[in-house]
Amino acid sequence: MALTKAEMAECLFDELGLNKREAKELVELFFEEVRDALVKGNHVKLSGFGNFALRDKSPRPGRNPKTGKEIPICARRVVTFRPGQKLKQRVEDYAGTQQQ
Amino acid sequence: MPDSAINSLMKSELIEMMARKQSHLAYKDVELAVKSLLEQMSHSLSSGERIEIRGFGSFSLHYRPPRAGRNPKTGDSVELPGKYVPHFKPGKELREKVNEAFLSQGA
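All figures in this text were calculated on a predicted structure; none of them were measured in a lab.

Caption draft 1: Structural view of the overall build of chain B. Assigned secondary structure in chain B consists of 3 helices and 6 strands. Taken from the N to the C terminus, the helices and strands of chain B come in the order β-α-α-β-β-β-β-β-α. Relative to a compact globule of 107 residues, whose C-alpha radius of gyration would be 13 Å, chain B shows 20 Å and is clearly more extended. Its C-alpha atoms give chain B principal-axis dimensions of roughly 60 × 40 × 30 Å.

This is how it looks when you write it as structure tokens:
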């Protein structure tokens, strides 16, 4: 099982009394705004949860793992996520209750 | 990119932007909704459940095995237990849009 946009909207409907359409729109809008900020080259800091940042990668020689043939990898920008202290702690606390 | 060129969108600004676009909703409702979304996501991960947002990406837990660490004050060796850490994998659409914007700006 995984948490999805549909479940998140359902929860907003239950918790906040928004109607189903409003709840669905807000969930969509939330991820759109985060995505648009990243596309514009901004970082996104969600205190208590974590930060989305961008990393610019230099071009480097790469290899097709199947054929072994060399292919150049172009410069590119990637999105990274660093969980905040609070989220990391909550996840660790959960893991501590699990049998390893 | 130099650090000075980077702007950060903070949670409060994100809420304001969303509230402007959903002007039929009270600001307070948008604020509560964003807080609820982040709490749902945190809760999901801290219960060991993945998050899958199509077009945006997925969050899951990665296991870090136990390792020998050191107390930085005393230099004593300590055994650090294995742990889980949150991990985000950007979705195809996010990955492509971010990179396309970067490449077209550089060109």
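Caption draft 2: Representation of the packing of aromatic side chains. The full count for this structure, using the stated rule, is 13 aromatic pairs over all chains. Centre to centre, the rings of Phe 30 of chain A and Phe 31 of chain A are 4.9 Å apart; their planes meet at 80°, and the pair counts as edge-to-face. Classification of Phe 31 of chain A by relative accessible area gives buried; the value is 5%. Through a chain of ring-to-ring contacts, three or more aromatic side chains come together here, namely Phe 30, Phe 31, Phe 49, Phe 52 and Phe 81 of chain A together with Phe 56, Phe 59 and Phe 88 of chain B. Here the guanidinium or amino end of Lys 20 of chain A rests over the ring plane of Phe 13 of chain A, the centre of that ring lying 4.5 Å away.

Caption draft 3: Main features of the sheet that holds strand β6 (residues 83–90) of chain B. Read from one edge of the open sheet, 4 strands run β1(A)-β2(B)-β3(B)-β6(B), paired in mixed fashion. Each edge of the open sheet is held by one strand with a lone partner, namely β1 (2–3) of chain A together with β6 of chain B. Where strand β2 (residues 50–53) of chain B meets strand β3 (residues 57–64) of chain B, 3 bridges bridge the pair, whose relative direction is antiparallel. Within β3 of chain B, the residue paired with Glu 52 of chain B across the bridge is Ser 58 of chain B.

Parameters and conventions
Residues numbered from 1 in each chain as written. Chains lettered and ligands numbered in written order. Predicted model: local features only at pLDDT ≥ 70, side-chain atom pairs only at ≥ 80, totals over all residues. Heavy atoms only, no water. Helix = DSSP H or I, 4+ residues; strand = E, 2+ residues; numbered from the N terminus. Rg over C-alpha atoms; globule rule 2.2 N^0.38 Å. Phe/Tyr/Trp six-rings, centres within 6.5 Å; stacked < 30°, edge-to-face > 60°. Buried < 20%, exposed > 50% of the residue type's maximum accessible area, 1.4 Å probe, protein only. Lys NZ or Arg CZ within 6 Å of the ring centre and 35° of its normal. Pairing = 2+ DSSP bridges.

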